[in-house]
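Geometric and topological summary
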Amino acid sequence: MNELHRTLADRIVRHIRTSAMTQGQHLTETSLQEILGTSRQPIRSALGYLADQGLLERVPNKGFFLRNPALVSEPAPTDDTSEVAIYLRIADDRLAKRLPDRISENDLMRRYGISRLGLRRVLTRISGEGWIERNEGRGWTFAALIDSVEAYRECYELRQVIETHGLRSPQFRLDRNVLADLRRRQQIVADGGWQRLSQMELFEANSEFHEGLAELSGNRFLLSTVQKLNQLRRLVEYRQTLNTDQVIDQNAEHLAILDALDASDTTQAADLMFAHLGKAKQRKAREEMFLPQPETAAAL
């Protein structure tokens, strides 16, 4: 199995863990395409790998089904030479400003000891997450990140405006099915997920909540903006120390917003959202950013 399939398998495992899937639930290639952003063939290979590991059951002509949710644990750490490990090293080096804004594939291959094919798979993942772009000519350019207290303040001030407006908008639609799915995912966190889910999984659950409500706003540009802001802060959030008290508080605030929406009180939901994002902004202003220490990029 190649590294791409293993990476997809890890992402499928995280999806199972954060979705409260039950024994016997069907995992379809079509439903996973939207989540993983890739074609069906590599998804099929990743599902086959998980079946070989005993996590899924392969039923001829029907597909793949979850065997036992209790067996699905967080993906194990990878070795230092895997593509996942290279991805994390690039992330740390970028956060620590050890990498310049513009860089060539040859520089990255030399620095990380990775083949061009492997590097391109890593860069494709990074590009999909929105923090690097391919240049029109040669090489790649890193996007600006939300990686400072001031940047976080600006981010949350913008989110207070647009996410609150989305809930108050006349175009906002109360889709009960979507709200029930968002509640189910947040309840996973409340019912012990704050202890067993990884930093990455908790961040994704948080992002899904805010992006789900943004999608109900009926404004495609509001949704794309929230998604972009989540992409830009993803790296810093992944690499910070997990604060379970904050996770519990944020989860309770998410559920309170959903309670207001279930009562069809969008005004109360918007007020709660404004306060929720305001608390996050104040907290970030007090926190020290847990980033790797900057080093010169001259070694490239």
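So, here is what we can say about the structure in this document.

Thresholds, definitions, all that
- Residues numbered from 1 in each chain as written.
- Predicted model: local features only at pLDDT ≥ 70, side-chain atom pairs only at ≥ 80, totals over all residues.
- Heavy atoms only, no water.
- Helix = DSSP H or I, 4+ residues; strand = E, 2+ residues; numbered from the N terminus.
- Contact = heavy atoms within 4.5 Å.
- Areas by Shrake-Rupley, 256 points an atom, 1.4 Å probe, with all protein chains shown as cover.
- Pairing = 2+ DSSP bridges.
- Axes fitted to C-alpha atoms, helices over the stretch in contact; angles between N-to-C directions.
- Expected span 1.5 Å × (residues − 1).
- Buried < 20%, exposed > 50% of the residue type's maximum accessible area, 1.4 Å probe, protein only.
- Parallel < 35°, antiparallel > 145°, perpendicular 65-115°, else oblique.
- Arc of directions from axis to C-beta.
- Salt bridge = Lys/Arg side-chain N within 4 Å of Asp/Glu carboxyl O.
- Core = buried A, V, L, I, M, F, W, Y, C linked by side-chain atoms within 4.5 Å.
- Left-handed = near helix turned anticlockwise from the far one by under 90°.
- Nonpolar A, V, L, I, M, F, W, Y, C, P; charged D, E, K, R; others polar.
- Phe/Tyr/Trp six-rings, centres within 6.5 Å; stacked < 30°, edge-to-face > 60°.
- Lys NZ or Arg CZ within 6 Å of the ring centre and 35° of its normal.

**Considerations on the overall build of the chain**
When you go through the chain residue by residue, the secondary structure sums to twelve helices and six strands. Looking at the chain alone, contacts between residues at least 24 apart form 71% of all its contacts between residues at least 6 apart. Accessible surface, the chain as shown: approximately 15,100 Å² in total, 49% of it carbon and sulfur.

**A look at the sheet that holds strand 5 (residues 132-134)**
Spatially, 4-6-5 is the arrangement adopted by the three strands of the open sheet, whose pairing is antiparallel. Strand pairing shows two members of the sheet lacking a second neighbour, strand 4 (102-103) and strand 5, which therefore form its edges. Bridge analysis of strand 5 against strand 6 (residues 140-142) gives three bridges, and the strand direction is antiparallel. By the bridge assignment, E133 is partnered in strand 6 with T141.

**Notes on the sheet that holds strand 3 (residues 63-66)**
Strand order across the open sheet formed by three strands is 1-3-2, with antiparallel pairing between neighbours. Taken across any chain shown, the strands that pair with only one partner, and hence form the sheet edges, are strand 1 (26-27) and strand 2 (56-59). Where strand 1 meets strand 3, two bridges bridge the pair, whose relative direction is antiparallel. Of the residues in strand 3, the one forming a bridge with L27 is F64. With respect to the sheet, helix 3 (residues 40-52) is in contact with strand 1, strand 2 and strand 3, its orientation differing from that of strand 2 by roughly 115°.

**Details of helix 9 (residues 199-216)**
Its 18 residues place the ends of helix 9 26 Å apart at the C-alpha level, agreeing with the 26 Å of an ideal helix rising 1.5 Å per residue. Counting buried residues in helix 9 gives 15 out of 18 residues, a clear majority hidden from the surface. Backbone geometry just downstream of helix 9 places G218 in the positive-phi region, at approximately 80°.

**With respect to the packing of helix 5 (residues 105-112) against helix 6 (residues 116-129)**
To describe two helices that pack against each other, one gives the angle between their axes and the distance between the axes. Where helix 5 meets helix 6, the closest approach of the two axes is 10 Å, and the angle between their N-to-C directions is 105°. Regarding the angle of helix 5 to helix 6, the classification is roughly perpendicular. For the pair formed by helix 5 and helix 6, the contact residues are E105, N106, L108 and M109 on the first element and R116, L119, R120 and L123 on the second.

**Here we look at helix 2 (residues 29-36)**
Each α-helix winds once per 3.6 residues, and so residues spaced three or four apart point in a common direction. E29, L32 and L36 are the residues of helix 2 that are buried. Viewed end-on, helix 2 has its buried residues packed into an arc of 65°, placing them on one side of the element. Pointing more than 90 degrees away from the buried face of helix 2 are the exposed residues T30 and E34. Residue G37 follows helix 2 closely and has a positive phi angle near 65°.

**A closer look at the pattern of salt bridges**
With the rule as written, the count across this model stands at 23 salt bridges. Of the charged contacts, one joins R40 and E29 as a salt bridge, the two residues approaching to 3.2 Å between their closest N and O atoms. On the criterion of sequence distance, the pair formed by R40 in helix 3 and E29 in helix 2 is long-range, its members being eleven residues apart. Between E83 and R121 there is a salt bridge; the shortest N-O distance is 2.7 Å. With E83 in helix 4 (residues 83-95) and R121 in helix 6, this residue pair connects regions lying 38 residues apart in the sequence. Connected through shared salt-bridge partners, E105, R116, R120 and R134 make up one network.

**Here we look at unusual backbone geometry**
The backbone of N61 sits at a positive phi, close to 65°, despite the residue not being glycine. Within the secondary structure layout, N61 lies in the loop between strand 2 and strand 3. For S264, which is not glycine, the phi torsion reads 65° and is therefore positive. Among the residues examined, S264 registers a relative accessible area of 41% and is labelled partly exposed.

**Concerning the nonpolar core**
Core analysis: the biggest nonpolar cluster contains 46 residues, and I90, I126, W131, L167, L213 and L261 have the highest contact counts within it. Membership of the second largest hydrophobic core comes to 20 residues, among which are L8, A9, L66 and V72.

**What about the packing of helix 9 against helix 11 (residues 244-262)?**
With their axes 12 Å apart at the nearest point, helix 9 and helix 11 run at an angle of 25° to one another. Classified by the interaxial angle, the pair formed by helix 9 and helix 11 is roughly parallel. In this structure, helix 9 meets helix 11 at a crossing whose hand is left-handed. Between helix 9 and helix 11, the contacting residues are L202, N206, F209, H210 and L213 on the first element and V247, Q250, H254, I257, L258 and L261 on the second. Among the residues forming the contact of helix 9 with helix 11, the class breakdown is seven nonpolar, four polar and no charged.

**Details of the packing of aromatic side chains**
On inspection of all chains with the given rule, the structure shows three aromatic pairs. Relative to W131, the ring of Y87 has its centre 5.9 Å away and its plane inclined at 70°; by these criteria the two rings are edge-to-face. Of this pair, Y87 sits in helix 4 while W131 sits in the loop between helix 6 and strand 5, and the two are 44 residues apart along the sequence. Its relative accessible area of 0% is what places W131 among the buried residues. Chaining the aromatic ring pairs together yields one cluster made of Y87, W131 and F142. Geometry around Y87 places R125 over its ring, the cationic atom sitting 3.7 Å from the centre.

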